[in-house]
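One-letter residues, chain by chain:
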Amino acid sequence: MQLRDLPNIISVLRLVAVVPVMYLLLRQEYGWALVLFAAAGASDGLDGYLAKRFDWRTRLGGILDPLADKALLVGCFLILGWQGLVPVWLVIAVIVRDLVIVAGAVVYNYRVEAVEAEPLPISKLNTVLQIVLVVMVIMAAGPFRLPEGLIDTMVWACFVTVVVSGAQYVWIWGRKARQRGWREP
């Protein structure tokens, strides 16, 4: 193990943190779930900073980092939806969008060319809104009270960016596939 492996180790730890966060949410221990979710979020910033600052970027890190982020967010959305704290239709939209993007990337990778994906600005906004929504919902379910209507507004903002970013990925990568042509399987 070398120092340059630190961002990947942090991503793996964030992936491991998914289970305790989900457990705490299931037990409705929202204060602790919020603390662990926030620590996972801070670790995401730290591993990204280290990878970029010291040029410790790796192909594995390019997979682990978004995988850890998605696992944490989707896990939280599933449990918060099951508890009735987030609308089920939003949970479905978030999961369908991610499945479409992953399936499209896999098909593109094997039938067109290697995927060198960089998140779109609207996708980054969507991730931020999903994180803020999860934090707000956990806060409101647990130790904090939020102004009336704030969560509903964030739910709709999140939904709009889910739809727009998903459609944008399909449009951009579909166009690239048509331009470059399909390889034989």
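Thresholds applied
- Residues numbered from 1 in each chain as written.
- Predicted model: local features only at pLDDT ≥ 70, side-chain atom pairs only at ≥ 80, totals over all residues.
- Heavy atoms only, no water.
- Helix = DSSP H or I, 4+ residues; strand = E, 2+ residues; numbered from the N terminus.
- Rg over C-alpha atoms; globule rule 2.2 N^0.38 Å.
- Buried < 20%, exposed > 50% of the residue type's maximum accessible area, 1.4 Å probe, protein only.
- Contact = heavy atoms within 4.5 Å.
- Areas by Shrake-Rupley, 256 points an atom, 1.4 Å probe, with all protein chains shown as cover.
- Lys, Arg positive; Asp, Glu negative; His and termini not counted.
- Charge placed at Lys NZ, Arg CZ, Asp CG, Glu CD.
- Phe/Tyr/Trp six-rings, centres within 6.5 Å; stacked < 30°, edge-to-face > 60°.
- Lys NZ or Arg CZ within 6 Å of the ring centre and 35° of its normal.
- Patch = residues over 30% accessible without salt bridge, like charges linked within 9 Å, V, L, I, M, F, W, Y side chains within 5 Å.
- Salt bridge = Lys/Arg side-chain N within 4 Å of Asp/Glu carboxyl O.
- Axes fitted to C-alpha atoms, helices over the stretch in contact; angles between N-to-C directions.
- Parallel < 35°, antiparallel > 145°, perpendicular 65-115°, else oblique.
- Left-handed = near helix turned anticlockwise from the far one by under 90°.
- Nonpolar A, V, L, I, M, F, W, Y, C, P; charged D, E, K, R; others polar.
- Core = buried A, V, L, I, M, F, W, Y, C linked by side-chain atoms within 4.5 Å.

(A) Spatial organisation of the overall build of the chain. Within the chain one finds six helices and zero strands. Beginning at the N terminus, the succession of helices and strands in the chain can be written as α-α-α-α-α-α. Expected size for 185 residues packed as a compact globule is a radius of gyration near 16 Å; at 18 Å, the chain falls within 12% of this value. The buried share of the chain, taken over its 185 residues, is 36%. Considering only contacts within the chain whose residues lie at least 6 apart along the sequence, 79% involve residues at least 24 apart. About 10,900 Å² of surface is accessible on the chain, with carbon and sulfur atoms providing 69% of the total. Within the chain, one finds 17 positive and 14 negative side-chain charges whose respective centroids are separated by 5 Å.

(B) How the structure looks around the packing of aromatic side chains. Evaluated as defined, the whole model comprises five aromatic pairs. Pairing Trp 156 with Phe 159 gives two aromatic rings, centres 5.9 Å apart and planes at 85°, and the pair type is edge-to-face. Here Phe 159 and Trp 156 lie together in helix α6 (residues 150-180), a separation of three residues that amounts to about one turn. Through a chain of ring-to-ring contacts, the aromatic side chains of Trp 89, Trp 156 and Phe 159 assemble into a single cluster. Positioned above the aromatic ring of Phe 54 is the side chain of Arg 53, whose terminal nitrogen or guanidinium carbon lies 5.1 Å from the ring centre. Positioned above the aromatic ring of Trp 173 is the side chain of Lys 176, whose terminal nitrogen or guanidinium carbon lies 4.1 Å from the ring centre.

(C) Molecular detail of the side chain of Gln 130. As for its placement among the helices and strands, Gln 130 is situated in helix α5 (residues 121-141). For Gln 130, a relative accessible area of 1% translates into the label buried. Every residue in contact with Gln 130, bar those within four places of it in the chain, is listed here: Lys 70, Leu 73, Phe 77, Val 94, Cys 158 and Val 162.

(D) Broad picture of a nonpolar patch on the surface. Taken together, the side chains of Val 88, Ile 92, Val 96, Val 100 and Val 170 define a hydrophobic patch exposed on the protein surface, amounting to about 420 Å² of accessible area. In terms of residues, the nonpolar patch owes the most to one element, helix α4 (residues 88-111), which gives four residues. Relative to the helices and strands, Val 170 resides in helix α6.

(E) Spotlight on the side chain of Ser 11. In this fold, Ser 11 is placed in helix α1 (residues 6-26). Excluding residues within four positions of it along the chain, Ser 11 makes contact with Asp 47, Leu 64, Asp 65 and Ala 68.

(F) View of the packing of helix α3 (residues 59-82) against α4. It is at 9 Å that the axes of α3 and α4 come closest, and there the two elements cross at 155°. The angle between the axes of α3 and α4 places the two elements in the roughly antiparallel class. Judged by the sense of rotation from one axis to the other, the crossing of α3 with α4 is left-handed. Along its contact with α3, which presents Lys 70, Val 74, Phe 77, Leu 78 and Gly 81, the element α4 presents Val 88, Leu 90, Val 91, Val 94, Ile 95, Arg 97 and Asp 98. When its residues are assigned to classes, the contact of α3 with α4 shows eight nonpolar, one polar and three charged.

(G) Highlighting the nonpolar core. With 32 residues, the main nonpolar core has Leu 25, Phe 77, Leu 133 and Val 134 as its most contacted residues. The element contributing the most residues to this core is α5, with seven residues. Ignoring sequence-local partners within four residues, the contact set of Leu 133 consists of Phe 77, Leu 90, Ile 151, Met 154, Val 155 and Cys 158. Counting eight residues, the second largest nonpolar core, distinct from the first, contains Val 112, Leu 120, Tyr 169 and Trp 173.

Function cannot be inferred from these measures alone, as they are strictly geometric.
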